[in-house]
Amino acid sequence: MKIDTKLLHEGYKPQKGEARQLPIYQSTTFAYDTSDEMGKLFDLESSGYFYTRLQNPTNDKVAEKICALEGGVAAMLTSSGQAANFYAIFNICEAGDHFIASSSIYGGTYNLFGVTMKKMGIECTFVDQTLPEEELAKYFKPNTKAVFGETITNPTVTVFDFEKFANLAHSHGVPLIVDNTFATPVNCRPFEWGADIVTHSTTKYMDGQGVGVGGCIVDSGNFDWTKYADKFPGLTTPDESYHGITYTEKFGKGAYITKATSQLMRDFGSIQSPQNAFYLNLGLETLHLRVKRHCDNALAVAEFLNSNDKIAWVHYAGLKTDKYYDMAQKYLPNGTCGVLCFAVKGGREASIRFMDSLKLASIATHVADAKTCLLHPASHTHRQLSEEQLIEAGISPDLIRFSCGIEDADDIIDDIRQALDKI
Ligand SMILES: *Cc1c(COP(=O)(O)O)cnc(C)c1O
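Residues numbered from 1 in each chain as written. Predicted model: local features only at pLDDT ≥ 70, side-chain atom pairs only at ≥ 80, totals over all residues. Heavy atoms only, no water.

(A) Quick peek at the packing of helix α4 (residues 81-90) against helix α5 (residues 107-119). Packing of α4 against α5 leaves a shortest axis separation of 10 Å and a crossing angle of 45°. On the basis of their axis angle, the class for α4 and α5 is oblique. Remark: the crossing between α4 and α5 carries right-handed chirality. Contact residues: α4 offers Q82, N85, F86, I89 and F90, while α5 offers G108, T109, L112, F113 and M117. Of the residues contributing to the contact of α4 with α5, the split by class is 6 nonpolar, 4 polar and no charged. (Axes fitted to C-alpha atoms, helices over the stretch in contact; angles between N-to-C directions. Helix = DSSP H or I, 4+ residues; strand = E, 2+ residues; numbered from the N terminus. Parallel < 35°, antiparallel > 145°, perpendicular 65-115°, else oblique. Left-handed = near helix turned anticlockwise from the far one by under 90°. Contact = heavy atoms within 4.5 Å. Nonpolar A, V, L, I, M, F, W, Y, C, P; charged D, E, K, R; others polar.)

Laid out in structure tokens, this is it:
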């Protein structure tokens, strides 16, 4: 099946007489006849549902769909994108470990990695992702366990050089983890370019209507944990909290997701509600249509802004003049995303005046949904970062993040034009 068809037919596959749409299993618990049946589930001796904190059939069908879209072997839903990125790293890193992340990533992830995970004894080095491979290699240490980046960065919309980072990660015996939120598997499938694990904030395009916060982790099954067994004892040595199960021995290519579910979800409990998983599935059914429209609109808006003399600069990898155009053509030939960033001449004050004059586009701490919205990272999402950290993350104080919805492009452009007239 092509990806457009998979969006509708992967995951839940109704049998004779069953509901055609994915049922919502709104239940905390699942019933069994004998205590032995239940015991086997707890021991991971048989598979089945017993408590929604660990697994729920509605969630699993949606995870299965996203897994098929990305071309992975196993996947899990989480309560948010933050939880997905936290689990993705914490599943293979513990106190005393180190990992490398691109410095151009979502502000929430930057804080999670740089501040909160540091308190857990896990150190993250943020690197300039444009550095050549030999420079980046210098940041690896004996205790480095992973490399992390975003396909298209939020909010600076730069494009990740998969081949460079996959080479680096693999030549140092660690997996490459990529947050594919902005591209979605419709525009880019990181596993095809060497990534080992993919994460998503499904809150964005996948949901698409801004109704539910959620996340997802997908494992390609390609990383051989046993080849670097000493680096990943959590996967390759017995888990005392599961009667001595060794995940790689018992679950093979399913080891990573099984461990994340049975350990991390059990202990941290960041499960997505089945109701939200249902909404997410509805969103996925039209993802291909929406992503195309988002991209067409963003390109039209980027071209308009690029030729307007009140605009200081525009970044959108779909523009032929953009620094990331060639990289985007290589990794995302069908389009990048509906988000672009730009600055209005006159600095921070002019930007704020412009934003406050918009009528159709709303100022929202959101991005990548059906209705056009925008925000000013330096005053909103990234306000916890110092001026120095903002610059390190590539965010200038005048940057406006503009998320094109699926309205008519002319209406979006007219709104921008009238707001520019006010400054
Ligand atoms: C929004 C976002 C996140 C965080 O996701 P939540 O669902 O808000 O927790 C992570 N990564 C990227 C790229 C995002 O855009």
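(B) Geometry of the nonpolar core. Counting residues in each nonpolar core, the largest one holds 128 residues, and the members touching the most others are F113, L340, F342, F354, F402 and I416. Not counting residues within four places of it along the chain, the set of residues in contact with F113 comprises N85, I89, F99, A101, I105, K118, C124, F126 and F148. (Core = buried A, V, L, I, M, F, W, Y, C linked by side-chain atoms within 4.5 Å. Buried < 20%, exposed > 50% of the residue type's maximum accessible area, 1.4 Å probe, protein only.)

(C) Summary view of the site of the ligand. Surveying the vicinity of the ligand reveals 16 residues, the closest of which are N154, D179, S201, T203 and K204. Interatomic distance of 2.7 Å between a side-chain N/O atom of D179 and a nitrogen atom of the ligand. Bound to the protein, the ligand loses 92% of the 380 Å² it would expose on its own. With 3 residues, the top contributor of residues to the shell around the ligand is α4. Of the residues that constitute the shell around the ligand, the class distribution is 3 nonpolar, 10 polar and 3 charged. (Near = heavy atom within 4 Å. Polar contact = N/O pair within 3.5 Å; in protein donor to acceptor, adjacent residues only side chain to side chain. Areas by Shrake-Rupley, 256 points an atom, 1.4 Å probe, with all protein chains shown as cover.)

None of the figures reported here should be taken as evidence of function without further support.
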